[in-house]
Amino acid sequence: MDRLPHGGDWASFVAEYGAVPLDFSASVSPLGTPRGVQAAIATAAQAVDRYPDPLCRTLRQAIAGTEGVEPEQVLCGNGAAELIYRGVLAFQPRRALVLAPTFSEYEAALDTVGCDTLHYPLGEAHDFVPQEDILQYLTQGIGMVFLCEPNNPTGRTTPQKLLWKIVQRCQEVGAVLVVDECFNSFLDQPKSHSMVDVLGECPNLLLLKAFTKFYGMAGVRLGYALAQAPLLKKVENAGPPWSVSGLAQAAGVAALREVAYVKTLRTLIQEQRPLLRQGLEALGLTVVPGEANYLLFRAPKPLSAHLRQRGILLRDCGNYHNLEGNWYRVAVRTGLDNQVLLRALEEVLS
């Protein structure tokens, strides 16, 4: 069976072994989908004979209230990935800038319109955090820039002052800046690093968010974009109607009510992330100090096949630009799951 380039490919494992793996390759909430969301999907299933609302009016209103924006500044999509491709199709840049390493779908989407993609190399010496020299890459002719905050797979964020300089430089050169905040909710202080509050000052800024990771809704496929209305309208017009099912819309509205779930999940990640990092470092692994619900680390030998045989999936980062050697991304899961992983790693590395 072909294996997919992203994490979360549990189906290939099931086809090969006939069992469900312990999946550290997908950085999704280890608490599973909230029960309120599951119940909302079940209720919405009674109306699947009707077309979904193509404008996602109830969901957009709920998102707008949560984010503190107007409904006209919200566009819902079939996961953040669909909105990435819509954004690229809407503006069709001739040249674009992405980080290296970063989420591969940015460049894949840019390739569909024949874009020349430039890479800003993130250095291990700086723990893969962008530096001031990124501004030198933002020149006339750059039509689109992608930033992942926090970045995937490094888990690092761009310093706030530098992030604002990037916003301003993109406005100066006429580039659309896409800031992917899909993992923002896992930060210790999510609102302090979000760009939502400056949307009114930035007509070229497009923010991406998703329910996928934080609410354990990867199979639902639901994301949204935030921007000023004129820019967002161009993105909306670049895709088909009815891209968000009625089930997904109901699930999204229900997820935004899950206050207790959010608190529990944040506490879990804040407790387990440093413990997992310490456990990996105790095994002699080089660990990047990630800020989200995953950690990037380098091993002295290949790990994926050995762990796969033990029923554990890791995200092999060999297909990321600028990551040479045995780099892996591992999700932060529950304490019990993390201990299972660490024991397996100890066996493999011994």
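Everything discussed here concerns the structure shown above.
In this convention, every chain numbers its residues from 1, walking through the sequence in written order. Side-chain atom pairs in this predicted model are given and counted only at pLDDT of 80 or more, local residue features only at pLDDT of at least 70, and totals for whole chains, interfaces and linings cover all residues. Where side-chain values are given, they derive from all heavy atoms of the structure, hydrogens and water being excluded.

### Topic: the sheet that holds strand S7 (residues 205-210)
Only strands that DSSP links by at least two bridges are regarded as paired with each other. What counts as a helix is a DSSP run of H or I of at least four residues, what counts as a strand is a run of E of at least two, and both are numbered from the N terminus. The seven strands are arranged S2-S8-S7-S6-S5-S3-S4 in an open sheet whose pairing can be described as mixed. Only two strands of the sheet have a single neighbouring strand rather than two, namely strand S2 (74-77) and strand S4 (116-121). The average undirected angle you get between the axes of adjacent strands in this sheet is 20°. One ladder, built from four bridges, connects strand S6 (residues 176-180) with S7; its direction is parallel. For valine 178, the partnering residue across the bridge sits in S7 and is leucine 206. Every axis in this analysis is a line fitted to C-alpha atoms, fitted for helices over the stretch in contact. Angles between the N-to-C directions lie between 0 and 180 degrees.

### Looking at the packing of aromatic side chains
In summary, the pairing rule links any two rings of Phe, Tyr or Trp, Trp by its six-membered ring, whose centres are within 6.5 Å, and it sorts them by plane angle into stacked for under 30 degrees, edge-to-face for over 60 and tilted for everything else. The tally for this structure, following the rule as stated, stands at 14 aromatic pairs. Consider the rings of tyrosine 106 and phenylalanine 146, whose centres lie 4.7 Å apart with planes at 15°: the pair is stacked. Of this pair, tyrosine 106 sits in helix H5 (residues 105-111) while phenylalanine 146 is found in strand S5 (residues 144-148), placing the two residues 40 residues apart along the sequence. You can call phenylalanine 146 buried: its relative accessible area is 2%. Ring geometry for phenylalanine 211 against tyrosine 215: centres 5.8 Å apart, planes inclined by 35°, an arrangement best described as tilted. The class for phenylalanine 211 is buried, based on a relative accessible area of 2%. Buried residues are those whose accessible area, probed at 1.4 Å on protein chains only, stays under 20% of the maximum for their type, while exposed residues exceed 50% and partly exposed ones sit between those limits.

### Examining the packing of helix H2 (residues 35-44) against helix H9 (residues 246-255)
One way to put it is that H2 packs onto H9 with a least axis distance of 8 Å and a crossing angle of 145°. Read as a crossing pair, H2 and H9 show a hand that is right-handed. Counted together, Gly36, Val37, Ala40, Ile41 and Ala44 of H2 and Gly246, Leu247, Ala250, Ala251, Ala254 and Ala255 of H9 form the full contact between these two elements. Each crossing gets its handedness from the near helix: less than a right angle anticlockwise from the far helix is left-handed, clockwise is right-handed. Contacts are assigned to residue pairs that have any heavy atoms within 4.5 Å of one another.

### Re the sheet that holds strand S13 (residues 327-331)
The strands making up a sheet associate through backbone hydrogen bonding, with each pair oriented either parallel or antiparallel. Pairing in this open sheet of four strands is antiparallel, and the strands run S9-S10-S13-S12 from one edge to the other. Each edge of the open sheet carries a strand with a single partner, namely strand S9 (286-287) and strand S12 (315-316). Relative to S13, S12 is paired through two bridges, and the arrangement is antiparallel. By the bridge assignment for S13, arginine 315 is matched with arginine 329.

### Things to note about the environment of serine 350
On the secondary structure map, serine 350 appears in the segment after helix H12 (335-349). For serine 350 and leucine 283, which are 67 residues apart along the polypeptide, the C-alpha to C-alpha distance reads 9.3 Å. A distance of 2.8 Å separates the side chain of serine 350 from the backbone oxygen of glutamate 347, its partner in a polar contact. Whenever a nitrogen or oxygen atom comes within 3.5 Å of another N or O atom, the pair is scored as a polar contact, on the condition that within protein one atom can donate a hydrogen and the other can accept it, and that pairs from neighbouring residues in sequence are kept only if both atoms are in side chains.

Keep in mind that these numbers describe shape and distance, not what the molecule does.
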